[in-house]
Amino acid sequence: MIFLSRVIKTALNKRLNSVKPQGKITSTVYLSIMHTSDVQHLSRLVFRKSVLAVNPPDLVQREILVLNSTLHIREQCYRLNKNCYLIGFGKCVLGMASKVEHILGKDLQRGIISVPKGYMTSNRLDVNDLSDSSRISIFEGAENNLPDEGSETASKEIKKLAESLQESDILIVLISGGGSSLLSLSKPPISLREKLEVIKLLGSSGANIVEMNTVRKRLSLVKGGGLASIAYPCKMVALILSDVIGDPLDIIASGPTVGNHDPDDAAIKIIEKYELTDKVSLSVLDAIKRPSDINQTLADHVQNVLIGNNRIALEAASRECAAFGFNPVIITDSISGFVSEVADLYMRLISLLCKLLQEKVALGDFINEINPILDHMKVDKHVKESIYAYVLNHGTEAEKFCLIFGGEPTVKVTGDGLGGRNQELALRIGSKLYEHETNDSDLVNCDVIFLSGGTDGVDGPTNAAGALTYSGQIKHAIEEGIDPQDYLRRNDSHNFYRHFNKGRDLIVTGHTGVNVMDIHLLVVQKKIGSLSPL
């Protein structure tokens, strides 16, 4: 087993260098002998490859063509005459801006982008910097994904540029996740402090991204179609990378280039839902209650183009898993809700898969039991049918299952610890695995490996993208005197993973230049060897 494990690790390293494994060790052999530690290596590799598949410059390249002094973006054409300007805000816009400038050349007159604080000097997976002769100015702000003076300064400069443009000008707008904090300009008399207070209150209450951005639109001069209104009458093209379930353009970065058609009472209902009416300032309440004063008809002159989303990353993950002999199934790209609820759903699914692998449940009963789990995950009918067909054809012969999920759950923060939704989800699932391993014979003969990672490379205010959990992890932690429940109570998942196993179970990539929500990889297999943590 030790020799075979080394063979697999060698193959994994070759795969990292985009070289196919050589020799007679086939993917079928990987499937039958892969050790738990090898699956952990593979999970990390798959996560990295899936992130690289959503490389923003590549996505931009697919959408923009300059031919005979004409800019072609899908079905639209724009005449070029050194009349292009660029603005961008979000975690992905540096690479996007670099590619746009390369394509447009001298037709690009000026640009401004707003990126996360520390991004330019941080350890990064992407290497998409601007040239020394670039006409694009870079502003950094929104430390820990919260609006600050840096992002406010950048937003003022972006607004000034947009206001200066004429009807003959073309404004290319680059938008990605994180844009809400990086394009932050409050409606007077709301102060930055007051706006920040609302965002923190909503975040700690467990509000999801749709709720957060519905409120943000009412507090901003530039969100909810405000930027499009300010830039009128120039021609505007927005290239958008989605970090929101379902890809609603009016919610991504709070929809600065999209008309806001929320009901007038939508924002105040969210404030009331989380019982924050008495906790926010009067100026915030007044802005939320007043009908929007942004001229939404002006937003119709914009071409909004969705260039990438979570589904692209999941499909890349599936291809990588298949290359190593798995039979992966993409379950959904719409995982949402509180992390605690998502962990419960995943654990129900894990238990059911373990029973099937050990032939402790009939195929018909398995399908009846998995159906409500899939309903909670909002899995569509076609995916359900493919899962049922796979189980009916392979269920009794399978040695392992590989499932892929995407989405973005939320954490209700009650403690003062350090972490993020991905690390907390991994720790919660690991803790539940330990409970079942201790009290439930159905999991004793199975190995479970689960990875949860944010595609932006930053999970909460930490340097990790997420974490790995696996069978036996929590048992080893407890033996070392590390109490996972104490860390969970304090929302301190990051420090749990830092202290256990010398931090090796953290997923650390640095900033990726990508932001298309989260990726969850789940492998459930028959036990084939003793645990060997990385």
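Residues numbered from 1 in each chain as written. Predicted model: local features only at pLDDT ≥ 70, side-chain atom pairs only at ≥ 80, totals over all residues. Heavy atoms only, no water.

**Q** Run through the overall build of the protein, naming residues and quoting values.
**A** Tallying secondary structure elements over the protein gives 20 helices and 15 strands in all. Here the C-alpha atoms of the protein give a radius of gyration of 24 Å, agreeing with the 24 Å that 2.2 N^0.38 yields for 534 residues. For the protein, the C-alpha atoms occupy an extent of roughly 70 × 60 × 45 Å along the three principal directions. Counting the 534 residues in the protein, one finds 59% classified as buried. Sequence-distant contacts, at least 24 apart, represent 83% of the contacts inside the protein between residues at least 6 apart. (Helix = DSSP H or I, 4+ residues; strand = E, 2+ residues; numbered from the N terminus. Rg over C-alpha atoms; globule rule 2.2 N^0.38 Å. Buried < 20%, exposed > 50% of the residue type's maximum accessible area, 1.4 Å probe, protein only. Contact = heavy atoms within 4.5 Å.)

**Q** Can you break down helix α12 (residues 282-289) residue by residue, with the values?
**A** Since the α-helix advances by 3.6 residues per turn, residues separated by three or four positions end up pointing in the same direction. Within α12 the residues assigned to the buried category are Ser283, Val284, Leu285, Ala287 and Ile288. At its buried positions, α12 is contacted by α8 (192-205), α9 (209-219) and α11 (266-273).

**Q** Any details on the packing of aromatic side chains? Residues and values, ideally.
**A** Following the criterion strictly, the structure yields six aromatic pairs and no others. Taking 6.0 Å as the distance between ring centres and 20 degrees as the angle between the ring planes, the aromatic pair formed by Phe496 and Phe500 counts as stacked. For Phe500, a relative accessible area of 2% translates into the label buried. Three or more aromatic residues joined by ring pairs make a cluster, and in this case those are Tyr487, Phe496, Tyr497 and Phe500. Sitting over the ring of Tyr487, Arg490 keeps its end group 5.1 Å from the ring centre. (Phe/Tyr/Trp six-rings, centres within 6.5 Å; stacked < 30°, edge-to-face > 60°. Lys NZ or Arg CZ within 6 Å of the ring centre and 35° of its normal.)

**Q** Describe the sheet that holds strand β8 (residues 235-241), listing the residues and the values that go with them.
**A** Within the open sheet, the six strands sit side by side as β6-β5-β4-β7-β8-β9. Their pairing is parallel. Either end of the sheet is taken by a strand with one partner, and the two such strands are β6 (136-141) and β9 (302-308). On average, adjacent strands in this sheet sit at an angle of 15 degrees to one another, irrespective of strand direction. (Pairing = 2+ DSSP bridges. Axes fitted to C-alpha atoms, helices over the stretch in contact; angles between N-to-C directions.)

**Q** A description of the sheet that holds strand β3 (residues 76-79) should follow, citing residues and the corresponding values.
**A** Taken together, three strands build an open sheet; the order of strands is β1-β2-β3 and the sheet is antiparallel. The strands lining the two open edges of the sheet, one partner per strand, are β1 (64-67) and β3. Each strand axis lies, on average, 25 degrees off the axis of its neighbour in the sheet, ignoring direction. With four bridges connecting them, β1 and strand β2 (residues 70-73) associate as antiparallel partners. Among the inter-strand pairings, Ile64 is bridged to a residue of β2, identified as Ile73. Strands in contact with helix α4 (residues 56-63) are β1 and β2; relative to β1, the strand with the most contacts, it is inclined by about 45 degrees.

**Q** So, the environment of Leu125: which residues are in play, and what are the values?
**A** Among the secondary structure elements, Leu125 is positioned in the loop between β5 (108-116) and β6. Judged by its relative accessible area of 19%, Leu125 is buried. Separated by 190 residues in the primary sequence, Leu125 and Glu315 have C-alpha atoms spaced 20 Å apart.

**Q** If you had to explain helix α14 (residues 339-357) to someone new, which residues and values would you point to?
**A** Taking 1.5 Å per residue, 19 residues should reach 27 Å; α14 reaches 27 Å between its end C-alpha atoms and fits that length. Counted residue by residue, α14 has 14 buried out of 19 residues, so it is predominantly covered. In the stretch just after α14, Glu359 is the one whose phi turns positive, near 55 degrees. (Expected span 1.5 Å × (residues − 1).)

**Q** Which residues make up the pattern of salt bridges, and what values go with them?
**A** Scanning all chains against the criterion turns up 24 salt bridges. One salt bridge connects Arg490 with Asp486, and the closest N-O pair in it is separated by 2.9 Å. Since its relative accessible area comes to 28%, Asp486 is described here as partly exposed. Here the salt bridges do not stand alone but share partners, grouping Asp483, Asp486, Arg489, Arg490 and Asp492 into one network. (Salt bridge = Lys/Arg side-chain N within 4 Å of Asp/Glu carboxyl O.)

**Q** Explain the pairing of strand β11 (residues 400-407) residue by residue, including any values.
**A** For β11, a buried count of eight out of eight residues is recorded, marking the element as mostly surrounded by other parts of the structure. Where burial is concerned, the two faces of β11 agree: the one with Lys400, Cys402, Ile404 and Gly406 and the one with Phe401, Leu403, Phe405 and Gly407 are both buried. Where β11 and strand β15 (residues 518-526) come together, eight bridges link them in antiparallel fashion. What sits directly across from Gly406, in β15, is Ile519.

**Q** Outline the nonpolar core, supporting the account with residue identities and numerical values.
**A** Grouped together as the largest cluster of nonpolar side chains are 73 residues, with contacts concentrated most on Leu174, Leu239 and Phe496. Take this core: its biggest share by element is seven residues, from helix α5 (residues 93-104). Leaving out residues up to four positions away in the same chain, Phe496 has contacts with Leu427, Gln473, Ile474, Ala477, Ile482, Pro484 and Tyr487. Counting 43 residues, the second-largest nonpolar core is a separate cluster that includes Val329, Val342, Ile350 and Met377. (Core = buried A, V, L, I, M, F, W, Y, C linked by side-chain atoms within 4.5 Å.)

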